[in-house]
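# Coordinates in review
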Amino acid sequence: MTSSLNNTPAGQGAARRPWMRLGFVFLLVYFILAATGITLSASDSRKKADALVLLSGGDQARQEEIAWMYARGYSERVILTRTAGASNHTAVQKALAQLGVPGSVVWYAPGRSDSTYDEARHVHELMEGKNLGDAIVVTDPYHALRTRMIFRGEFRQSGRSVWVRSAQAHWYGPLTWMFTLEGWRVTLTEIIKIGAYLVGIKGS
């Protein structure tokens, strides 16, 4: 009788252990994925710069972030990069004007950019020509780390400073990206492109 009573709790504990292990593994994997999202999307805390840089591509979240920053005095100048046709540039400038950024404060970086590395070079060229010292670059959250690496690598020799800010209204959340297929796609793509950049492949 005593032996039977003692065996019941032990059996229940053994049955619970696999579920506890599974829960621990799930939490561990989630924390690793969340840390990846946080690392990719972290923004620099900078309040003032000679220019705000809006990288081409992305959705309206980037434009809204630029307009929000311009309205709050982060900078009096906005630089746009070119990666598509002229009609797209016009559409972006009109969208910014509707958000409160007048066309008179907008400059275009020279040349057509086919990669973030091209954008960094062209923005740097414009800033040198206009004697601007530093910039805040706005991009999608998952793109922030690679943007920071590429722009700072390009700006380093001239002594110019660059900070990167993630668009706050973007759909990509560092703590939730792993729950969507698109989140997996863009995160894995960024990790691959960061690896390529680190080994010297800059055309991404």
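Our structure's up above, just so we're on the same page.
Overview of the structure.

What counts, and at which threshold
- Residues numbered from 1 in each chain as written.
- Predicted model: local features only at pLDDT ≥ 70, side-chain atom pairs only at ≥ 80, totals over all residues.
- Heavy atoms only, no water.
- Buried < 20%, exposed > 50% of the residue type's maximum accessible area, 1.4 Å probe, protein only.
- Helix = DSSP H or I, 4+ residues; strand = E, 2+ residues; numbered from the N terminus.
- Pairing = 2+ DSSP bridges.
- Right-handed = clockwise from strand over helix to strand, strands pointing away.
- Core = buried A, V, L, I, M, F, W, Y, C linked by side-chain atoms within 4.5 Å.
- Contact = heavy atoms within 4.5 Å.
- Axes fitted to C-alpha atoms, helices over the stretch in contact; angles between N-to-C directions.
- Parallel < 35°, antiparallel > 145°, perpendicular 65-115°, else oblique.
- Left-handed = near helix turned anticlockwise from the far one by under 90°.

Glancing now at the pairing of strand β4 (residues 134-139). Across the six residues of β4, six count as buried, placing the element largely inside the fold. Neither face of β4 is open: one carries Asp 134, Ile 136 and Val 138, the other Ala 135, Val 137 and Thr 139, and all of them are buried. Sheet topology places strand β1 (residues 51-54) next to β4; four bridges connect them, and they run parallel. Within β4, the residue paired with Ala 51 across the bridge is Ala 135. For β4 and strand β5 (residues 161-166), the ladder comprises six bridges, and the chain directions are parallel. Pairing of Asp 134 across the sheet is with Ser 161, part of β5.

With that out of the way, let us pick up the pairing of β5. When you tally the buried positions in β5, you get five out of six residues, the bulk of the element. Following the chain from β4 across helix α5 (residues 144-155) to the adjacent parallel β5, one finds a crossover that is right-handed.

A few words on the nonpolar core. With 19 residues, the main nonpolar core has Val 53, Ile 79, Val 123, Met 127, Val 137, Phe 151 and Phe 155 as its most contacted residues. Those residues in contact with Val 137 that lie beyond four places of it in its chain are Val 53, Leu 55, Thr 147, Phe 151, Val 162, Trp 163, Val 164 and Arg 165. Core analysis: the next-biggest nonpolar cluster, separate from the first, contains 17 residues, Leu 52, Ile 66, Leu 96 and Trp 163 among them.

The next point concerns the packing of α5 against helix α6 (residues 181-198). Between α5 and α6, the least distance of the axes is 10 Å, while the angle of their chain directions is 20°. Regarding the angle of α5 to α6, the classification is roughly parallel. Every pair of crossing elements has a handedness; the one defined by α5 and α6 is left-handed. From α5, Leu 145, Arg 146, Met 149, Ile 150 and Gly 153 reach across to α6, where they touch Glu 190, Lys 193, Ile 194, Tyr 197 and Leu 198.

Spatially, the five strands line up as an open sheet ordered β3-β2-β1-β4-β5, and their pairing is parallel. The strands lining the two open edges of the sheet, one partner per strand, are β3 (106-108) and β5. With direction set aside, neighbouring strand axes in the sheet form an average angle of 30°. Of the strands in this sheet, β1, β2 (78-80), β4 and β5 touch helix α2 (residues 60-71), which is tilted by about 170° from β1. Relative to β2, helix α4 (residues 116-129) is tilted by about 140°, and along the sheet it contacts β1, β2, β3 and β4.

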